[in-house]
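Observations on the three-dimensional arrangement
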Amino acid sequence: MTIPEEILLRVTKPARYIGGEINMVKKNPENVDIRFAFCFPDVYEIGMSHLGLEILYYFFNRREDTYCERVFAPWTDMEEIMREEKIPLFTLESFDPLNKFDFIGFTLQYEMSYTNLINMLDLAGIPILSKDRKGKDYPIICAGGPCAYNPEPLADIVDFFYIGEGEAGLDKVLDLYKKNKKNNGGREKFLESILDCGGIYVPEFYDVEYDETGEIKSFKPNHEKAPEKIMKLIVKDMDNVFYPERQLVPLIETVHSRAALEIFRGCIRGCRFCQAGFVYRPVREKSWDKLMEKANTLIENTGHEEISLISLSTSDYTGFAPLATGLINEFTDKKVNISLPSLRIDAFNLDIMNKVQEVRKSSLTFAPEAGTQRLRDIINKGLTEEEILEGAKLAFEGGWNRVKLYFMMGLPGETYNDIEGIAKLAESIADKYYEMPKENRSQPVSLVLSTACFVPKPFTPFQWEGQNTYQEFMEKQRFLKSKISRKQIRYNYHDAYLSVLEGVIARGDRRVSKLIIRAWELGARFDGWTDLFKPELWEQAFKDTGISIDFYSTRQRSTDEILPWDHLDIGVSKAFFKRELENSRNEKVTLNCRADCSGCGAALFGGGVCYE
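Throughout what follows, the structure given in this document is the object of discussion. (Residues numbered from 1 in each chain as written. Predicted model: local features only at pLDDT ≥ 70, side-chain atom pairs only at ≥ 80, totals over all residues. Heavy atoms only, no water.)

**Looking at the overall build of the chain**
Defined as follows: Only DSSP runs of H or I with at least four residues qualify as helices, and only runs of E with at least two residues qualify as strands; both kinds are numbered from the N terminus onward. Classification of residues uses two cut-offs on accessible area relative to the type maximum, computed with a 1.4 Å probe and protein chains only: under 20% is buried, over 50% is exposed, and between them is partly exposed. Contact between two residues is taken to exist if any of their heavy atoms lie within 4.5 Å; hydrogens are not considered. For the accessible areas, the method is Shrake-Rupley and the probe is 1.4 Å, while residue cover comes only from the protein chains on display. The charged-residue count follows a simple rule in which Lys and Arg add positive charge and Asp and Glu add negative charge, with His and chain termini not counted at all. Charged groups are reduced to one reference atom each: NZ for lysine, CZ for arginine, CG for aspartic acid, CD for glutamic acid.
Helix and strand counts for the chain come out as 20 helices and 19 strands. Overall, the chain is about 75 × 65 × 55 Å in size when its C-alpha atoms are taken along their principal axes. For the chain, buried positions account for 58% of its 612 residues. The contacts in the chain between residues at least 6 apart in sequence include a share of 77% that link residues at least 24 apart. Summed over all atoms, the accessible surface of the chain reaches about 25300 Å², with 48% contributed by carbon and sulfur. Each charge class in the chain was averaged separately, 79 positive and 94 negative side chains, and the resulting centres sit 1 Å apart.

Written out as C-alpha cells, the structure reads:
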C-alpha cells in the first residue's frame, strides 16, 4: 500500500505519514517470523521525541527474525480522509495495514492518550475489546510504559501488559511467540505460555469482584499459571544493556530534535507525589566513560547538533562532574550543544551551565513544587527556601535574568496560606535580583510562574489521598492570581478539568474502560491537546456510563482498601508507602537514598544504589 500524493497534499505536515527518515530500518517482511507494530498513541512529533521508542525500535530490529515498524496517531485531518477513503492505519516502514502484524504494541505515557489508542485500533479495523478478538486471527495487542503500572482502565482492551523495562524480558516473549506460531498454538496458547516469563499481566486470567460500595471485594487469578503478584522486570547492568548506536532523524521538526543520552534510571529523591521516582527504583547508573563513548557514536550516526542527557534528576548522577566537563570539552568546538535538564542549582552546576550557554543564556528552571517549607516537607521535596534563594542569587550573579518556577496546586495538606506562599516566594526570588548592584542588572528580571494540578498516582505514598474537585482547583488558581501584583511576575495556569479526568483514569479500575470507550464514541481524540480537548464529551460519557468522578478522584481511600493495581509488585513495599503517608501527615522528611536507606524494599533487585 502507498499513500496517494493527492491525499498527502490535503493534510497538514504530510511528512508525518511518509517514513523514510535517516536510520530507518528496512527489512523484507517476507523474510521475518515476527512483525511488531510499535504504536505511539499521539502525533508523530511527540512520539518521535520519545527515547523509549528509539530504544525498543532498535532492540526489536536487532533480531533477524523480527521486524519492528512504527505507527503514530494520525492527526484529525488525516483521520477524516482515511475514514472517507477507507484507508486502514498503516506503518511508516512498509505502509502495510496493522492487521498484517503479529503484535500491536502500545507505549502508555499519559492517561489522556487512551482515546487515541482505541481510535488507532478502530482505524486498523481491529475490534476494540479483547473478548471480541478471541479465537480469531487478529494481532496480539500489548502495552507497557509508566501508565501500565495501573493497567486496569485498559484491561478489557489490551491482551497483555508488560510490567517493567523492555530489554529485561521482551526477547523471551518473542521467542515464545515464535515457538507457538511454529506449533500452530493459537492466541490463547501463547497468552498462557508467557505467564512463565515474569512481568506479564494477562487480564483475562484474573477475575474482579466488587462490593456494595463499589470497592474491589476480590482480585483473583482464574488460571493455574497466573501469579497472584506480578513483579516488574528491570535491567541491573546499565553499562552492558542494549542501547542503540544510532537514532532516527526525523524529516520535520519534532518536540525534541536531538541525540538522547540516557545516563541512569531511577531517582534517589523520593518526592511523595512522583510515580516515576518509585516505579523506576532502584537508581542504576551508566559509567561516565561509556557515556562519552556513546555520545560520540550517536552524534556521528545522526548528525544532530544537540545532545541531551536523559534522567529523572540529572545532577544526582555520581559522575556528573567528569561527564559534563568531558562533553563540553569534546563537543564545543564541533558546534554541538549540550542540553542539561533537571539540574539542582548550585555553584558547580551554574558553572557548567555558563560554559554551555556562553553566547545566549536561556531561562533557568526551579521546581520548588510548594510555596511553604511546611508543604515542601509534606511532599518530601528536600529543598529549603534558603537553598532556593541561594540558587536564584547564584543564577542572577551568573548573568541569568529569566527564571521559570514550577509549583503544584491541590497537594495533600495544602492550605490557602501555602498558596499565598507561592506568590511570596516568587517575590523573594525577584528581590534577590534587585539586591545586585544596578550596574549588574542590564535588564529587568522576568519570572514565569506555573502551577500544575496535583493528580494522585498509583505506587506513591499519596495513592490513597483524595484529589481536589474542579471547583476547588479553579478557586485556588484565582486566589493565587489575586496575590500576584508585581509586573515582573507572570502567572500561567490552565483549566483543571483535564487534571480531574486524568485523576479518574490514573486510579481507575476495569469499569473505567466503559467511560473511555464512550468518550471515544462521542468523538474524543487527542485529549491531551488543549485546543482539541472537549470536556462536554467526557461529561456526557460520565452520564451515559454512570461512572462517578467522586468515587475515583476526590474521595479519600482507606489504606486497607484493595487497590486496582495491588496485583502488581514494583519492589517498593506497600508498608513503605503507608509509612511515607504517615510521615507526610507528620510533616516529616525522609532522606534520599544516598544519605540514608529508608528500607523501601527495592534492595530485593540486588543492584543499583542499594548496593553502592
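The structure having been displayed, the exposition proceeds.
**Considering the state of the cysteines**
Let me state the cut-off plainly: Criterion for a disulfide: a pair of cysteine sulfur atoms within 2.5 Å.
Taken as a whole and judged by the stated rule, the model has 0 disulfides. No disulfide involves Cys197; its sulfur sits 12 Å from the nearest other cysteine sulfur, which is in Cys142. With no disulfide of its own, Cys610 lies closest to Cys600 among cysteine sulfurs, the gap being 6.0 Å.

**A few points about the pattern of salt bridges**
This is how it is decided: Throughout this description, the term salt bridge denotes a Lys or Arg side-chain nitrogen within 4 Å of a carboxyl oxygen of Asp or Glu.
Under the counting rule described, the total for this entry stands at 51 salt bridges. Measuring nitrogen to oxygen at the nearest pair gives 3.7 Å for the salt bridge that ties Glu262 to Lys286. Note that Glu262 is positioned in strand E10 (residues 259–262) and Lys286 in the loop between strand E12 (284–285) and helix H9 (288–302), a separation of 24 residues in sequence. For the pair Glu262 and Lys286, one class covers both residues: buried. For Arg272, the salt bridge goes to Glu580, with nearest N and O atoms at 3.0 Å. Residue Arg272 is located in the loop between strand E11 (264–265) and helix H8 (275–279), and its partner Glu580 is located in helix H20 (residues 574–585); the two are separated by 308 residues in the primary sequence. Here the two residues Arg272 and Glu580 agree in accessibility, since each one is buried. Residues participating in the shared-partner salt-bridge network are Asp33, Arg62, Arg63, Asp65, Asp171, Asp175 and Lys178.

**Topic: helix H6 (residues 170–182)**
How we decide: In this scheme, a helix's expected span is set at 1.5 Å multiplied by one less than its residue total. Each direction from the helix axis to a C-beta atom contributes to the arc, which is the arc of those directions.
In this model, H6 (13 residues) spans 18 Å end to end at C-alpha, consistent with the 18 Å of a helix rising 1.5 Å per residue. For H6, every residue scored as buried is listed here: Leu170, Val173, Leu174, Tyr177 and Asn180. The buried residues of H6 occupy an angular sector of 125° when projected down its axis, which confines them to one face. Residues of H6 that are exposed and point more than 90 degrees away from the buried face comprise Lys179 and Lys182. Immediately downstream of H6, the backbone of Asn184 shows phi near 55°, a positive value.

**Things to note about helix H14 (residues 416–434)**
A turn of α-helix holds 3.6 residues, and therefore any two residues three or four places apart point the same way. The end-to-end C-alpha distance of H14, which contains 19 residues, comes to 28 Å, matching closely the 27 Å that a straight helix rising 1.5 Å per residue would cover. Here H14 has its buried residues at Asp418, Ile419, Gly421, Ile422, Ala423, Leu425, Ala426, Ile429, Ala430 and Tyr433.

**Digging into the packing of aromatic side chains**
Our working rule: Two aromatic rings from Phe, Tyr or Trp, using only the six-membered ring of Trp, form a pair when their centres are within 6.5 Å; if the ring planes differ by under 30 degrees the pair is stacked, by over 60 it is edge-to-face, and anything between is tilted.
Throughout the structure, instances matching the rule amount to 31 aromatic pairs. Centre to centre, the rings of Phe59 and Phe242 are 5.7 Å apart; their planes meet at 65°, and the pair counts as edge-to-face. One end of the pair, Phe59, is in helix H3 (residues 51–61); the other, Phe242, is in the loop between strand E9 (230–231) and E10, with 183 residues separating them in the sequence. Assessed through its relative accessible area of 3%, Phe59 is described here as buried.

**Let's talk about the sheet that holds strand E15 (residues 364–369)**
Going by this rule: Whether two strands pair comes down to DSSP finding at least two bridges between them. A fitted line through C-alpha atoms represents every axis, and for helices the fit uses only the stretch in contact; the resulting angles, taken between N-to-C directions, go from 0 to 180 degrees.
Taken in spatial order, the 4 strands make up an open sheet running E15-E16-E17-E18, and their pairing is parallel. Here the strands that pair on one side only, and so sit at the sheet edges, are E15 and strand E18 (489–492). In this sheet, neighbouring strand axes are inclined to one another by 20° on average, regardless of whether the strands run parallel or antiparallel. Bridge count between strand E17 (residues 446–453) and E18: 4 bridges; the pairing is parallel. Of the residues in E18, the one forming a bridge with Val448 is Arg490.

**Remarks on the environment of Gly398**
In this structure, Gly398 sits in the loop between helix H13 (385–397) and strand E16 (402–409). Gly398 gets classed as partly exposed once you look at its relative accessible area, which sits at 22%.

**Observations concerning the side chain of Thr302**
Just so we agree on the cut-off: Residues adjacent in sequence count toward polar contacts only when both atoms are side-chain atoms; beyond that, a polar contact is any pair of N or O atoms within 3.5 Å, and within protein one must be able to donate a hydrogen and the other to accept it.
Along the chain, Thr302 turns up in helix H9. A distance of 2.7 Å separates the side chain of Thr302 from the backbone oxygen of Leu298, its partner in a polar contact. A polar contact is formed between the side chain of Thr302 and the backbone nitrogen of His304, at a distance of 3.2 Å. Excluding its chain neighbours within four sequence positions, the residues that come into contact with Thr302 are Asn23, Gln247, Val249 and Ala259.

**Regarding the nonpolar core**
Heads up, the rule is: The criterion is simple. A nonpolar core is a set of buried Ala, Val, Leu, Ile, Met, Phe, Trp, Tyr and Cys residues joined through side-chain atoms within 4.5 Å.
Counting 134 residues, the largest nonpolar core has Phe103, Phe106, Leu108, Phe160 and Trp538 as the members making the most contacts within it. Listed in part, the 62 residues of the second largest apolar core include Leu261, Leu291, Tyr317 and Ala392.

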